[in-house]
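Coordinate analysis (summary)
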Amino acid sequence: GKYRNQLLKAAEKAAQGLTDGLTSKKRRTRKTKKPTTAFQLKITLKDVKPVVWRRLQVVDCTLPELHSVIQIVMGWRNCHLYYFEAGDTIYCDPSLCEDMEYADGRRIRLSHLVKQGHERFKYVYDFGDFWEHVVEVESTFQPEDDVRFPICLGGAASSPPVEGGGAMGSGAVV
């Protein structure tokens, strides 16, 4: 009860802050075409109890943009490396992972992964603690003109501390 309400309030603040940041005046001055696709996602942190998950809606975005959204809704601090893994391909920002042979994820969009048949893929945050998340595309839909994205629809439990040693060291292991 108490923690659920705190989580929902934090998620609402985070979603509003992200929405405000993504629609700042600086961004509005750029001409962008209206997104034609939106996705409902469920993101679950693996190997921890209680189960930590978030359900959100986003317009089609690049993987670095999706990373930023996940950081906010999961309560992470965006201070470690990350990658997405879909099928046999690992996507990362090469400027961050220059010594690793990962595919360049900066121009890969969520819609690209879905078109390739990846409606479930991994997101790993913090290569040392290895916080592994499962990202599931629950649905695809056409966004309405007056709706601002991203939207956090719900979730459960707080993420463990980032520097907690990962699922094995956090004391929250399944």
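Residues numbered from 1 in each chain as written. Predicted model: local features only at pLDDT ≥ 70, side-chain atom pairs only at ≥ 80, totals over all residues. Heavy atoms only, no water.

A short note on the sheet that holds strand β5 (residues 103–104)
Across a sheet, paired strands are connected by hydrogen bonds in the backbone, their directions being either parallel or antiparallel. Strand order across the open sheet formed by eight strands is β5-β4-β3-β6-β7-β1-β2-β8, with mixed pairing between neighbours. Lying at the two open borders of the sheet, with one neighbouring strand each, are β5 and β8 (151–156). Pairing geometry for strand β6 (residues 120–125) and strand β7 (residues 131–141), over six bridges, is antiparallel. Each bridged residue has a counterpart across the sheet, and for Tyr125 the counterpart in β7 is Trp131. (Pairing = 2+ DSSP bridges. Helix = DSSP H or I, 4+ residues; strand = E, 2+ residues; numbered from the N terminus.)

Some points on the confidence of the model for the chain
For the chain, per-residue confidence averages 83 on the pLDDT scale, and 72% of positions sit at 70 or higher. When mean pLDDT is compared element by element in the chain, strand β1 (residues 38–45) scores highest at 98, while helix α2 (residues 25–29) scores lowest at 50. (pLDDT = per-residue confidence, 0-100.)

Details of the pairing of β6
Regular strands place side chains that alternate from one sheet face to the opposite one. Here four bridges tie strand β3 (residues 82–86) to β6, and the two strands are oriented antiparallel to one another. Residue pairing across strands places Phe84 opposite Tyr123, the latter belonging to β6. Counted along the chain from β6 to the antiparallel partner β7, the turn is five residues long, and its residue Asp126 has a positive phi close to 75°.

So, the pairing of β3
Counting buried positions along β3 yields four of five residues, so the element is predominantly enclosed. Where β3 lies against strand β4 (residues 89–92), three bridges are found, and the strand directions are antiparallel. Across the sheet, residue Phe84 finds its bridge partner in β4, namely Tyr91. (Buried < 20%, exposed > 50% of the residue type's maximum accessible area, 1.4 Å probe, protein only.)

Notes on the packing of aromatic side chains
Any pair of aromatic rings gets described here by the distance separating the centres and the angle formed by the planes. Here the structure, examined in full by the defined rule, presents nine aromatic pairs. When the ring of Tyr83 is compared with that of Tyr102, the centres are 5.5 Å apart and the planes differ by 50°; the resulting orientation is tilted. Here Tyr83, found in strand β3, pairs with Tyr102, found in the loop between β4 and β5; they are 19 residues apart in sequence, far enough to count as distant. A relative accessible area of 8% places Tyr83 in the buried class. (Phe/Tyr/Trp six-rings, centres within 6.5 Å; stacked < 30°, edge-to-face > 60°.)

Structural notes on the pattern of salt bridges
One pass over the structure, following the stated rule, counts seven salt bridges. As a salt-bridge pair, Glu132 and Lys46 come within 3.4 Å of each other at their nearest N and O atoms. In this pair, Glu132 is assigned in strand β7 and Lys46 in the loop between β1 and β2 (52–59), connecting sequence segments 86 residues apart. Among the residues examined, Glu132 registers a relative accessible area of 11% and is labelled buried. Residue Asp104 pairs with Arg106 through a salt bridge whose shortest N-O separation is 2.7 Å. Residue Asp104 is classed as partly exposed on the basis of its relative accessible area, which comes to 33%. The partly exposed category is assigned to Arg106, whose relative accessible area is 39%. Taken together, the shared-partner salt bridges in this structure form one network comprising Lys46, Glu85, Lys122 and Glu132. (Salt bridge = Lys/Arg side-chain N within 4 Å of Asp/Glu carboxyl O.)

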